[in-house]
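Letter by letter, the chains look like this.
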Amino acid sequence: MVRVPINILVVDDEEDFVEMFSLRLEEMGEIVKGVNSGQECLDVLESTDVDVVILDIKMPGMDGIETLREIKRRRPITEVILLTGHGTTDTAVEGMKLGAFDYLNKPADFKDLMEKLEGARKRKAEQEERIRKAESRSLMRRSGNLF
Amino acid sequence: MSTEKAVKVLLVDDEDAFRQALAKRLERRRIEVFQAADGKSALEALKAFPVNVAVMDVKMPGMDGLETMACIKRDFPDTEVILLTGHAAVEDGIAGIRAGAFDYLQKPVETENLLNKIHQAYDKSRHQHDLAKEAELREALEKQMATAERLASLGTLAAGVAHEINNPLAIISEAAGYLQLLLKKDECREMPFHDRFEKAIEKIEKSVKRARRTTMQLLGFAGQPDAVYREIELDDLVEEVILLAAGQASAAGVTVAKEKNPSSVTLWTDPHRLRQVLINLVSNGIAACGRGGRVSLSFDSSNDWATIQVKDTGHGIPKENLERIFEPFFTTKPPGKGTGLGLFVSLDIVKRLGGDMQVKSKVGKGTIFQVSVPRLSKTCPGVCNDIDWRDKARELERRDNHGTGAH
Ligand SMILES: Nc1ncnc2c1ncn2[C@@H]1O[C@H](COP(=O)(O)OP(=O)(O)OP(=O)(O)O)[C@@H](O)[C@H]1O
Ligand SMILES: [Mg+2]
Ligand SMILES: [Mg+2]
């Protein structure tokens with residue numbers, strides 16, 4: 001069976017990290033785009049369909065938490081996995097409260113990461129399905145009112 | 001004022017009649033007098049009845065006054081000595097002052113004069129005593145502050161360093177992982193030195209994991225502002241620890257088990273951190289045991305405290321190491337095998353939880369670490385009401401633990 005690739009956006013201020021990480025994910029068969037700041041991340045999301053954003057927490061300018069907040073405000077359905085070099089759970093925890101799917105410590109275990117990516121993609125698909133159903137229901141109700 | 005309390009004086013002279021007469025005169029002036037007939041018994045007397053002032057004849061058979069004074073200055077530095085010299089022996093007196101006497105008086109002694117000197121010497125002795133105490137206290141305080149400061153700056157430094165290292169580590173790790181994927185491609189199968197490349201990459205990955213362990217331990221020490229407190233059953237925690245240590249234990253051929261089974265002990269604490277402590281202790285215990293060794297966990301509670309013991313049948317800790325095992329980076333393990341941060345971090349955590357840790361060890365027999373923590377550590381902020389969130393936190397903890405604690 002052919003696996004459907006996941007659309008991933010990698011956001012980290014470390015250019016080398018973004019490059020290597022993206023290459024590796026692409027080699028795994030995913031579709032990957034990489035950017036180096038929160039603002040760029042939001043710009044890309046305006047025009048591109050992304051399943052999962054992998055988001056570094058500590059970045060200059062707009063940090064990961066701020067970016068996450070903005071992502072969830074604009075496109076709540078986009079899933080976010082946080083990356084932290086800090087190892088402390090406190091910011092990660094804040095991120096989870098804001099709706100992040102999960103978090104990983106840097107350097108991350110790749111197998112762990114792939115599992116989380118799959119989980120995030122699944123959750124997004126379910127959400128989309130639910131929205132579709134809800135829409136079609138309300139559509140039916142509306143059309144029912146009409147006639 | 002020095003006169004409020006009876007001033008105690010040791011009077012040392014080999015001439016009985018002279019000594020007793022002088023003692024009487026002093027006692028009449030409300031001085032409490034102890035007597036000794038020679039240097040040796042003077043030292044004995046001081047041991048039993050320490051005094052602030054000794055009045056002592058210089059010319060004595062056996063140990064003379066100067067010799068005796070040297071011993072007094074050495075063993076009882078707070079005691080001031082007034083020497084009594086023969087009437088034409090000014091040199092004796094001067095030599096005495098050089099050697100540390102408070103003053104000297106020529107015989108025959110004028111009572112009023114001696115009394116004055118005694119009170120002066122007494123005041124000096126008291127003052128010096130206070131000064132010494134003060135200096136001692138100041139030194140202890142300074143030492144404490146230096147330690148606290150060092151730990152605080154070490155903590156900030158550790159967090160910074162760990163973060164700065166984790167980022168390049170992540171790049172190394174992804175690059176190595178990418179290369180590994182490339183090597184697996186069909187086009188690369190026939191590449192020269194294929195296996196050697198693979199082997200080298202494996203080494204890189206292994207080393208990344210090792211460095212990661214160090215930074216994670218460091219971070220465990222450094223930044224943990226938002227601990228998650230909740231109620232736990234110690235029995236559950238111990239079971240979890242045993243489960244998490246199972247891999248290391250079976251690889252080493254060591255049994256890890258719960259010892260007694262006390263009735264339930266509940267704690268309000270930070271389970272993630274406390275678990276990290278226990279895992280560190282159990283992991284040390286396993287490492288100290290040979291095949292067939294045993295690490296046992298037991299716990300108990302009394303009133304507001306819970307104690308957890310981790311006992312092993314390992315090689316023990318030699319005396320000279322016992323003081324050092326809590327120092328950061330102190331390890332007796334070969335390079336790459338231990339960070340030397342386990343106990344340092346553990347003690348730090350336990351202290352933060354308001355508790356303490358003790359160790360007892362016998363070389364060749366084994367070691368016992370005992371952790372005591374208050375059953376009610378600092379209460380947590382409102383976040384715990386949010387059920388959804390609590391589940392997530394638990395999940396985070398479980399995972400963290402796999403990532404950082406168990407090794
Ligand atoms: N149960 C024990 N029995 C004997 N020696 C011990 C025990 N626990 C600790 N030690 C000694 O104390 C040292 C420091 O322990 P610590 O846990 O801080 O670091 P480590 O175990 O060497 O490294 P790591 O925790 O990273 O594996 C050990 O290297 C060992 O010499
Ligand atoms: Mg960063
Ligand atoms: Mg250890």
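Look up: the structure comes first, before these words.
First things first, this report covers the structure right here in the doc. The shown structure was predicted, so the numbers you read here are calculated from the model rather than taken from an experiment.

As for the packing of aromatic side chains
Okay, step 1: In this structure the tally under the stated criterion is 3 aromatic pairs over all chains.
Okay, step 2: Ring geometry for phenylalanine 17 of chain A against phenylalanine 21 of chain A: centres 5.0 Å apart, planes inclined by 25 degrees, an arrangement best described as stacked. You can see phenylalanine 17 of chain A and its partner phenylalanine 21 of chain A sitting in helix α1 (residues 15-27), 4 residues apart, about one turn around the helix. Residue phenylalanine 17 of chain A shares its accessibility class with phenylalanine 21 of chain A, and that shared class is buried.
Okay, step 3: Seen from their ring centres, phenylalanine 326 of chain B and phenylalanine 369 of chain B are 6.4 Å apart, and the 80 degrees between their planes marks the pair as edge-to-face. With a gap of 43 residues between them, phenylalanine 326 of chain B in the loop between α9 (319-322) and α10 (342-352) and phenylalanine 369 of chain B in strand β12 (residues 366-374) connect regions that are remote in the sequence.
Okay, step 4: Phenylalanine 369 of chain B sits in the buried class, given a relative accessible area of 6%.
Okay, step 5: For lysine 106 of chain A, the ring lying beneath its charged end belongs to phenylalanine 17 of chain A, and the centroid distance is 4.9 Å.
Okay, step 6: Positioned above the aromatic ring of phenylalanine 18 of chain B, the side-chain terminus of lysine 107 of chain B is 4.4 Å from the ring centre.

Comments concerning the site of ligand 1
All names here are of chain B.
Okay, step 1: Near ligand 1 lie 22 residues; those nearest to it are Asp312, Thr331, Thr332, Lys333 and Thr339.
Okay, step 2: One of the side-chain nitrogen or oxygen atoms of aspartate 312 is found 2.8 Å away from a nitrogen atom of ligand 1.
Okay, step 3: Here an oxygen atom of ligand 1 sits 2.6 Å away from a polar atom, N or O, in the side chain of lysine 333.
Okay, step 4: When isolated, ligand 1 has an accessible area of 600 Å², and the protein chains bury 96% of it.

Here is what the cut-offs are and how they apply
- Residues numbered from 1 in each chain as written.
- Chains lettered and ligands numbered in written order.
- Predicted model: local features only at pLDDT ≥ 70, side-chain atom pairs only at ≥ 80, totals over all residues.
- Heavy atoms only, no water.
- Phe/Tyr/Trp six-rings, centres within 6.5 Å; stacked < 30°, edge-to-face > 60°.
- Helix = DSSP H or I, 4+ residues; strand = E, 2+ residues; numbered from the N terminus.
- Buried < 20%, exposed > 50% of the residue type's maximum accessible area, 1.4 Å probe, protein only.
- Lys NZ or Arg CZ within 6 Å of the ring centre and 35° of its normal.
- Near = heavy atom within 4 Å.
- Polar contact = N/O pair within 3.5 Å; in protein donor to acceptor, adjacent residues only side chain to side chain.
- Areas by Shrake-Rupley, 256 points an atom, 1.4 Å probe, with all protein chains shown as cover.

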